[in-house]
Amino acid sequence: MDGEVPMPRPKADDRPDRWRSVLLVVLLASLVVVVWELVPATWQHHVGWRDTPTLRQVTHAFWYHLNPVALTLAELVLLVGAGGALVAPAPGSSRRWLLGSFAGALLLQVAPRLVPLSWTYSFPPELAEQGRAILAAAAPMDALASAIDLVPLLLAITLGLLRAGVHEERRSPHRAVGSMLVFAMSLQLALLAVVALALVGPLQPDGWLGRGLALLVVAYAATAARRVLRRNGTTGRLGPWLDAATRLLVVLPGWAMVFTGLEAIEFGGQHLLAFGDREGLVTMAELPRYAVHFVARGCATALAGHDLIVRVRSAAATTATA
């Protein structure tokens, strides 16, 4: 129409972020599944304690219930925050819902792990020596159980922040924050793979686990290096193609080899994964539950990283215009 002034094309930072909306829906759905499973399990934990007089005699009720109750509350807090973020009328309030619930959930997940095992149990004098021996014998398995939960949490947080960095890099390529986040998280993943290779490599020197970890070291170290070269203008337009080729040819085979190797590894005479008639610390029936937990943690971290970037950017823009 004559005389009509064309509307300016919105900047990348002002476009509706469908990636965030999709992740919120995935997070909400996975948290519903997690909470549906955790609430009855926490109640059964209490029932088992209540119906076992000997257990009540040698444990402190608060410390014995702290870990399962805190983990359940963490998922509930995150569920409420994700729901609030999804229905919030304004982007700012949506980000506050998500970041606040993520901080609270992370605190509830980590704080109970700092409680010494000796706080939970209190043996009478006639059983003190026997009790200490029982706790000493159970300590390795208790440490392994904590690692089974905390290592995936650390991995999910790192991968979530990596996804947030990749998204920011694509959405706002002119800003350095996305590349910096991808660089930092890729370097951390490479170092985690190196540590894992040093720890578990001797347990399976010729298996798939070591080979997969070595591929992941190469892949994530190369990803971190490319961010440095990209900021210097070295890779040019080949950067995205190199990233896609690395994911397809190195990262995916690396993770496949790692999971294949974990199936065969043993800790203290027990396999990590139970398969068929073989006993293990984690059964195949439990794997979907762990997978849903991992998806929820990864999505929550990716969203929190994204929202924190946006909030810092908004605060900087407000300060610059003041």
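Structure first, text after, so check above.
1. Quick notes on the packing of helix H1 (residues 18-50) against helix H4 (residues 91-110)
Argument step 1. Relative orientation of the contacting elements H1 and H4 amounts to 40°, with a least axis distance of 14 Å. One way to sum up the angle between H1 and H4 is to call them oblique. For the crossing formed where H1 meets H4, the hand is left-handed. In contact with Arg20, Leu24 and Leu27 of H1, H4 contributes Ser94, Arg95 and Leu98.
Argument step 2. Taken together, the residues of the contact of H1 with H4 sort by class into 3 nonpolar, 1 polar and 2 charged.

2. Observations concerning the environment of Glu266
Argument step 1. Summarising the element assignment, Glu266 is placed in strand E1 (residues 266-267).
Argument step 2. On the basis of relative accessibility, which here comes to 40%, the residue Glu266 falls in the partly exposed class.
Argument step 3. Separated by 15 residues in the primary sequence, Glu266 and Leu281 place their C-alpha atoms 9.6 Å from one another.

3. Some details on the packing of H1 against helix H3 (residues 61-87)
Argument step 1. As a packed pair, H1 and H3 sit with axes 8 Å apart at the nearest point and diverge in direction by 155°. One element, H1, and the other, H3, form an angle in the roughly antiparallel class. Seen along the crossing, H1 lies across H3 with a hand that is left-handed.

4. Here's the deal with the nonpolar core
Argument step 1. Formed by 26 residues in total, the largest nonpolar core has its most connected members in Leu162, Leu209, Leu213, Leu216, Tyr220, Trp255 and Val258.
Argument step 2. Top contributing element to this core by residue count: helix H7 (residues 177-200), with 7 residues.
Argument step 3. One finds Val35, Leu99, Phe102 and Cys299 within the second-largest nonpolar core, a separate group that totals 20 residues.

Cut-off values and rules
Residues numbered from 1 in each chain as written. Predicted model: local features only at pLDDT ≥ 70, side-chain atom pairs only at ≥ 80, totals over all residues. Heavy atoms only, no water. Axes fitted to C-alpha atoms, helices over the stretch in contact; angles between N-to-C directions. Helix = DSSP H or I, 4+ residues; strand = E, 2+ residues; numbered from the N terminus. Parallel < 35°, antiparallel > 145°, perpendicular 65-115°, else oblique. Left-handed = near helix turned anticlockwise from the far one by under 90°. Contact = heavy atoms within 4.5 Å. Nonpolar A, V, L, I, M, F, W, Y, C, P; charged D, E, K, R; others polar. Buried < 20%, exposed > 50% of the residue type's maximum accessible area, 1.4 Å probe, protein only. Core = buried A, V, L, I, M, F, W, Y, C linked by side-chain atoms within 4.5 Å.

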